[in-house]
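Structural overview
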Amino acid sequence: MAIPPKKQNDKIISLELNDVFINQIDHTIFESTNSIWNELRLNDPWSVGYVSKLITFSNFSTKEDWESFYYKSGEIRGKNIGKLPIDVQLILNDESLVSNNPNKIYKLDYNFKKLNYNYGRTKKELYHKASILYRYSKEKNIAITESECAEAVRFRTICQTWNGIIIRENNTIKTLKSSFPEIIFKSVKGYFDHKYAVDFEAFFGEKLLFGLQIKPESYSYNKSYILKAKQANEAKNKDYSKTNNVEVLTIISNHNGTIQNIEIINEIKKILMKQ
(Lines give C-alpha, C1' and ligand atoms only; values in the text may rest on other atoms or scores of the structure.)
Protein backbone atom coordinates (compact mmCIF):
# COMPACT_ATOMS: atom_id res chain seq x y z
CA MET A 1 0.00 0.00 0.00
CA ALA A 2 1.46 3.34 -1.00
CA ILE A 3 1.31 5.79 1.88
CA PRO A 4 -0.37 9.07 0.83
CA PRO A 5 1.33 12.37 1.57
CA LYS A 6 1.31 13.49 5.19
CA LYS A 7 -1.42 15.96 6.06
CA GLN A 8 -0.92 19.64 6.61
CA ASN A 9 -1.82 20.44 10.22
CA ASP A 10 -3.28 23.85 9.37
CA LYS A 11 -6.00 22.26 7.28
CA ILE A 12 -6.91 19.80 10.01
CA ILE A 13 -6.99 22.52 12.67
CA SER A 14 -9.52 24.47 10.60
CA LEU A 15 -12.13 21.72 10.96
CA GLU A 16 -15.23 22.76 12.85
CA LEU A 17 -16.17 21.42 16.26
CA ASN A 18 -19.45 20.07 14.88
CA ASP A 19 -17.42 17.54 12.86
CA VAL A 20 -17.11 15.38 15.98
CA PHE A 21 -18.30 11.77 16.16
CA ILE A 22 -21.14 11.41 18.69
CA ASN A 23 -21.35 8.23 20.76
CA GLN A 24 -24.81 6.75 20.19
CA ILE A 25 -24.52 4.21 23.01
CA ASP A 26 -25.79 4.92 26.50
CA HIS A 27 -22.83 6.35 28.42
CA THR A 28 -23.14 3.91 31.35
CA ILE A 29 -23.36 0.89 29.05
CA PHE A 30 -20.42 2.09 26.99
CA GLU A 31 -18.25 2.66 30.06
CA SER A 32 -19.16 -0.76 31.49
CA THR A 33 -17.07 -2.40 28.75
CA ASN A 34 -13.96 -0.25 29.25
CA SER A 35 -12.19 -2.65 31.59
CA ILE A 36 -12.80 -5.61 29.28
CA TRP A 37 -11.67 -3.63 26.25
CA ASN A 38 -8.41 -2.79 28.01
CA GLU A 39 -7.86 -6.21 29.57
CA LEU A 40 -8.26 -7.96 26.20
CA ARG A 41 -6.10 -5.22 24.62
CA LEU A 42 -8.40 -5.09 21.62
CA ASN A 43 -7.20 -1.53 21.06
CA ASP A 44 -3.55 -2.55 20.70
CA PRO A 45 -1.90 -1.60 17.36
CA TRP A 46 -1.50 -5.33 16.72
CA SER A 47 -5.29 -5.57 16.67
CA VAL A 48 -6.39 -2.32 15.00
CA GLY A 49 -3.24 -0.79 13.51
CA TYR A 50 -1.42 2.37 14.55
CA VAL A 51 -4.57 4.46 14.22
CA SER A 52 -2.72 7.61 15.35
CA LYS A 53 -0.42 7.09 12.36
CA LEU A 54 -3.09 6.02 9.90
CA ILE A 55 -5.12 9.16 10.51
CA THR A 56 -2.17 11.29 9.34
CA PHE A 57 -2.00 9.58 5.94
CA SER A 58 -4.20 12.08 4.16
CA ASN A 59 -6.02 15.42 4.36
CA PHE A 60 -9.36 14.03 5.49
CA SER A 61 -11.95 16.74 4.90
CA THR A 62 -14.61 14.98 6.96
CA LYS A 63 -14.85 12.30 9.60
CA GLU A 64 -16.63 10.10 7.04
CA ASP A 65 -13.59 10.29 4.75
CA TRP A 66 -11.38 9.06 7.59
CA GLU A 67 -13.72 6.17 8.42
CA SER A 68 -13.93 5.11 4.78
CA PHE A 69 -10.14 5.24 4.46
CA TYR A 70 -9.72 3.04 7.54
CA TYR A 71 -12.00 0.31 6.15
CA LYS A 72 -10.42 0.43 2.68
CA SER A 73 -6.97 0.17 4.24
CA GLY A 74 -8.22 -2.95 6.00
CA GLU A 75 -9.35 -4.40 2.67
CA ILE A 76 -5.86 -3.88 1.24
CA ARG A 77 -4.38 -5.54 4.32
CA GLY A 78 -6.66 -8.53 3.80
CA LYS A 79 -5.59 -8.95 0.16
CA ASN A 80 -1.93 -8.83 1.14
CA ILE A 81 -2.36 -11.28 4.00
CA GLY A 82 -4.27 -13.63 1.70
CA LYS A 83 -1.08 -14.13 -0.33
CA LEU A 84 0.87 -15.40 2.69
CA PRO A 85 1.25 -18.95 4.07
CA ILE A 86 -1.70 -20.08 6.18
CA ASP A 87 0.36 -20.31 9.38
CA VAL A 88 1.39 -16.64 9.02
CA GLN A 89 -2.20 -15.62 8.25
CA LEU A 90 -3.38 -17.28 11.45
CA ILE A 91 -0.79 -15.39 13.51
CA LEU A 92 -1.63 -12.03 11.96
CA ASN A 93 -5.35 -12.51 12.53
CA ASP A 94 -5.02 -13.59 16.17
CA GLU A 95 -5.95 -10.65 18.43
CA SER A 96 -5.23 -12.67 21.57
CA LEU A 97 -1.48 -12.88 20.97
CA VAL A 98 -0.76 -9.40 22.28
CA SER A 99 -1.92 -10.41 25.76
CA ASN A 100 -1.47 -14.19 25.71
CA ASN A 101 1.67 -14.79 23.65
CA PRO A 102 3.50 -11.52 22.79
CA ASN A 103 6.73 -13.44 22.21
CA LYS A 104 5.15 -14.97 19.11
CA ILE A 105 4.63 -11.46 17.73
CA TYR A 106 8.17 -10.42 18.67
CA LYS A 107 9.68 -13.32 16.70
CA LEU A 108 7.62 -12.61 13.57
CA ASP A 109 9.41 -10.98 10.65
CA TYR A 110 8.66 -7.25 10.56
CA ASN A 111 7.59 -7.46 6.91
CA PHE A 112 4.68 -9.52 8.21
CA LYS A 113 4.06 -7.51 11.39
CA LYS A 114 3.73 -4.26 9.48
CA LEU A 115 0.60 -5.65 7.82
CA ASN A 116 -1.04 -5.39 11.23
CA TYR A 117 0.55 -2.14 12.34
CA ASN A 118 0.37 -0.06 9.15
CA TYR A 119 -3.16 -0.88 7.98
CA GLY A 120 -6.72 -0.49 9.21
CA ARG A 121 -9.36 -3.21 9.47
CA THR A 122 -12.54 -4.02 7.59
CA LYS A 123 -16.03 -3.67 9.04
CA LYS A 124 -16.18 -7.47 9.27
CA GLU A 125 -12.95 -7.59 11.25
CA LEU A 126 -14.16 -4.92 13.66
CA TYR A 127 -17.37 -6.89 14.10
CA HIS A 128 -15.29 -9.94 15.00
CA LYS A 129 -13.72 -7.91 17.81
CA ALA A 130 -17.21 -6.85 18.83
CA SER A 131 -18.24 -10.51 19.14
CA ILE A 132 -15.26 -11.09 21.44
CA LEU A 133 -16.23 -8.06 23.52
CA TYR A 134 -19.83 -9.24 23.64
CA ARG A 135 -18.87 -12.75 24.80
CA TYR A 136 -16.74 -11.47 27.67
CA SER A 137 -19.35 -8.86 28.58
CA LYS A 138 -22.01 -11.55 28.93
CA GLU A 139 -19.67 -13.57 31.17
CA LYS A 140 -19.47 -10.53 33.46
CA ASN A 141 -23.26 -10.05 33.34
CA ILE A 142 -23.02 -6.70 31.57
CA ALA A 143 -26.36 -5.76 30.00
CA ILE A 144 -25.25 -4.96 26.46
CA THR A 145 -26.31 -6.20 23.04
CA GLU A 146 -23.98 -7.46 20.33
CA SER A 147 -24.92 -4.53 18.11
CA GLU A 148 -24.00 -2.15 20.94
CA CYS A 149 -20.65 -3.93 21.25
CA ALA A 150 -20.14 -3.44 17.51
CA GLU A 151 -20.77 0.29 17.88
CA ALA A 152 -18.49 0.41 20.96
CA VAL A 153 -15.63 -1.12 18.97
CA ARG A 154 -16.23 1.24 16.05
CA PHE A 155 -16.41 4.26 18.31
CA ARG A 156 -13.25 3.43 20.24
CA THR A 157 -11.23 2.55 17.15
CA ILE A 158 -12.37 5.07 14.55
CA CYS A 159 -14.37 7.79 16.25
CA GLN A 160 -12.26 8.42 19.33
CA THR A 161 -9.16 8.55 17.14
CA TRP A 162 -10.74 11.31 15.06
CA ASN A 163 -12.20 13.17 18.04
CA GLY A 164 -8.99 12.91 20.02
CA ILE A 165 -6.33 13.56 17.41
CA ILE A 166 -7.97 15.67 14.74
CA ILE A 167 -10.32 17.67 16.94
CA ARG A 168 -9.04 17.73 20.53
CA GLU A 169 -5.29 17.47 19.98
CA ASN A 170 -5.05 19.98 17.17
CA ASN A 171 -7.38 22.47 18.84
CA THR A 172 -5.36 22.15 22.03
CA ILE A 173 -2.11 22.77 20.17
CA LYS A 174 -3.75 25.80 18.57
CA THR A 175 -4.58 27.07 22.08
CA LEU A 176 -1.00 26.50 23.24
CA LYS A 177 0.45 28.25 20.20
CA SER A 178 -1.62 31.33 20.97
CA SER A 179 -0.02 31.49 24.44
CA PHE A 180 3.45 30.31 23.45
CA PRO A 181 4.15 31.37 19.85
CA GLU A 182 7.89 30.81 20.41
CA ILE A 183 7.40 27.07 20.99
CA ILE A 184 7.32 24.63 18.09
CA PHE A 185 5.03 21.65 18.66
CA LYS A 186 5.80 18.59 16.53
CA SER A 187 3.47 15.58 16.42
CA VAL A 188 5.13 12.20 16.86
CA LYS A 189 4.68 9.03 14.83
CA GLY A 190 2.23 6.33 15.89
CA TYR A 191 4.80 3.82 17.10
CA PHE A 192 6.52 6.57 19.12
CA ASP A 193 3.23 7.51 20.77
CA HIS A 194 2.57 3.86 21.63
CA LYS A 195 6.05 3.40 23.11
CA TYR A 196 6.26 6.58 25.19
CA ALA A 197 2.63 7.80 25.55
CA VAL A 198 3.70 11.12 24.05
CA ASP A 199 1.58 12.91 21.43
CA PHE A 200 3.79 15.93 20.72
CA GLU A 201 7.29 17.18 21.39
CA ALA A 202 7.84 20.86 22.21
CA PHE A 203 10.93 22.67 20.92
CA PHE A 204 12.51 26.06 21.51
CA GLY A 205 14.53 26.43 18.33
CA GLU A 206 16.37 23.12 18.04
CA LYS A 207 16.19 22.36 21.77
CA LEU A 208 13.68 19.82 23.05
CA LEU A 209 11.76 21.35 25.96
CA PHE A 210 9.32 18.61 26.96
CA GLY A 211 7.12 15.81 25.76
CA LEU A 212 3.37 16.37 25.75
CA GLN A 213 0.39 14.08 26.03
CA ILE A 214 -3.12 15.43 25.51
CA LYS A 215 -5.99 13.68 27.23
CA PRO A 216 -9.79 14.11 27.44
CA GLU A 217 -11.59 15.25 30.57
CA SER A 218 -12.41 11.63 31.45
CA TYR A 219 -8.69 11.04 32.07
CA SER A 220 -9.10 12.81 35.40
CA TYR A 221 -11.82 10.41 36.57
CA ASN A 222 -11.01 8.13 39.49
CA LYS A 223 -11.97 4.83 37.88
CA SER A 224 -10.01 1.57 37.91
CA TYR A 225 -9.49 1.27 34.15
CA ILE A 226 -8.33 4.89 33.95
CA LEU A 227 -5.96 4.43 36.90
CA LYS A 228 -4.46 1.41 35.13
CA ALA A 229 -4.05 3.43 31.94
CA LYS A 230 -2.37 6.21 33.91
CA GLN A 231 0.06 3.77 35.51
CA ALA A 232 0.96 2.37 32.10
CA ASN A 233 1.40 5.86 30.64
CA GLU A 234 3.50 7.02 33.58
CA ALA A 235 5.88 4.09 33.06
CA LYS A 236 6.18 4.99 29.36
CA ASN A 237 6.67 8.67 30.22
CA LYS A 238 9.52 7.75 32.58
CA ASP A 239 11.23 5.88 29.76
CA TYR A 240 10.84 8.94 27.56
CA SER A 241 12.26 11.26 30.23
CA LYS A 242 15.18 8.93 30.86
CA THR A 243 15.97 8.78 27.14
CA ASN A 244 15.52 12.50 26.39
CA ASN A 245 16.29 14.14 29.75
CA VAL A 246 13.08 16.20 29.69
CA GLU A 247 9.77 15.74 31.46
CA VAL A 248 6.41 14.82 29.97
CA LEU A 249 3.51 17.19 30.61
CA THR A 250 -0.10 16.03 30.51
CA ILE A 251 -2.80 18.40 29.35
CA ILE A 252 -6.47 17.72 29.99
CA SER A 253 -8.65 19.46 27.42
CA ASN A 254 -12.01 19.30 25.68
CA HIS A 255 -12.77 19.16 21.97
CA ASN A 256 -12.56 22.90 21.43
CA GLY A 257 -9.05 23.01 22.89
CA THR A 258 -9.95 24.53 26.26
CA ILE A 259 -7.37 23.39 28.80
CA GLN A 260 -8.89 22.06 32.02
CA ASN A 261 -5.76 21.67 34.18
CA ILE A 262 -4.81 25.31 33.69
CA GLU A 263 -1.86 24.98 36.11
CA ILE A 264 0.04 23.33 33.27
CA ILE A 265 0.42 26.77 31.68
CA ASN A 266 2.59 27.86 34.61
CA GLU A 267 4.66 24.69 34.24
CA ILE A 268 5.38 25.56 30.62
CA LYS A 269 6.26 29.14 31.60
CA LYS A 270 8.76 27.84 34.16
CA ILE A 271 10.41 25.62 31.55
CA LEU A 272 10.64 28.53 29.12
CA MET A 273 12.19 30.81 31.75
CA LYS A 274 15.11 28.39 32.06
CA GLN A 275 16.01 28.74 28.39
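All figures in this text were calculated on a predicted structure; none of them were measured in a lab.

1. Some words on the environment of Asn116
Here Asn116 lies in helix α10 (residues 110–117). Along the backbone, Asn116 and Leu133 are 17 residues apart, and their C-alpha atoms lie at a distance of 20 Å. A distance of 3.0 Å separates the side chain of Asn116 from the backbone oxygen of Trp46, its partner in a polar contact.

2. Side note on the sheet that holds strand β1 (residues 184–187)
Within the open sheet, the 4 strands sit side by side as β1-β2-β3-β4. Their pairing is mixed. Lying at the two open borders of the sheet, with one neighbouring strand each, are β1 and β4 (248–252). Within the sheet, the average angular offset between the axes of one strand and its neighbour, ignoring direction, is 30°. Where strand β3 (residues 207–215) and β4 come together, 5 bridges link them in parallel fashion.

3. Overview of the confidence of the model for the chain
Per-residue confidence for the chain gives a mean pLDDT of 89; residues scoring 70 or more make up 93%. Mean pLDDT per element in the chain: helix α1 (residues 9–13) is the minimum at 39, and helix α6 (residues 63–81) is the maximum at 97. Scored below 50 in pLDDT, residues 1–15 shows 31 contacts in the model against residues more than four places distant or in partner chains.

4. Some remarks on unusual backbone geometry
Backbone geometry at Asn141 places phi at a positive 60°, although glycine is not the residue there. With respect to the helices and strands, Asn141 occurs in the loop between α11 (123–139) and α12 (146–179). Non-glycine residue Asn245 carries a positive phi angle of around 60°. With respect to the element layout, Asn245 can be found in the loop between α14 (224–244) and β4. With relative accessibility at 71%, the residue Asn245 sits in the exposed group.

What counts as what
Residues numbered from 1 in each chain as written. Predicted model: local features only at pLDDT ≥ 70, side-chain atom pairs only at ≥ 80, totals over all residues. Heavy atoms only, no water. Helix = DSSP H or I, 4+ residues; strand = E, 2+ residues; numbered from the N terminus. Polar contact = N/O pair within 3.5 Å; in protein donor to acceptor, adjacent residues only side chain to side chain. Pairing = 2+ DSSP bridges. Axes fitted to C-alpha atoms, helices over the stretch in contact; angles between N-to-C directions. pLDDT = per-residue confidence, 0-100. Contact = heavy atoms within 4.5 Å. Buried < 20%, exposed > 50% of the residue type's maximum accessible area, 1.4 Å probe, protein only.

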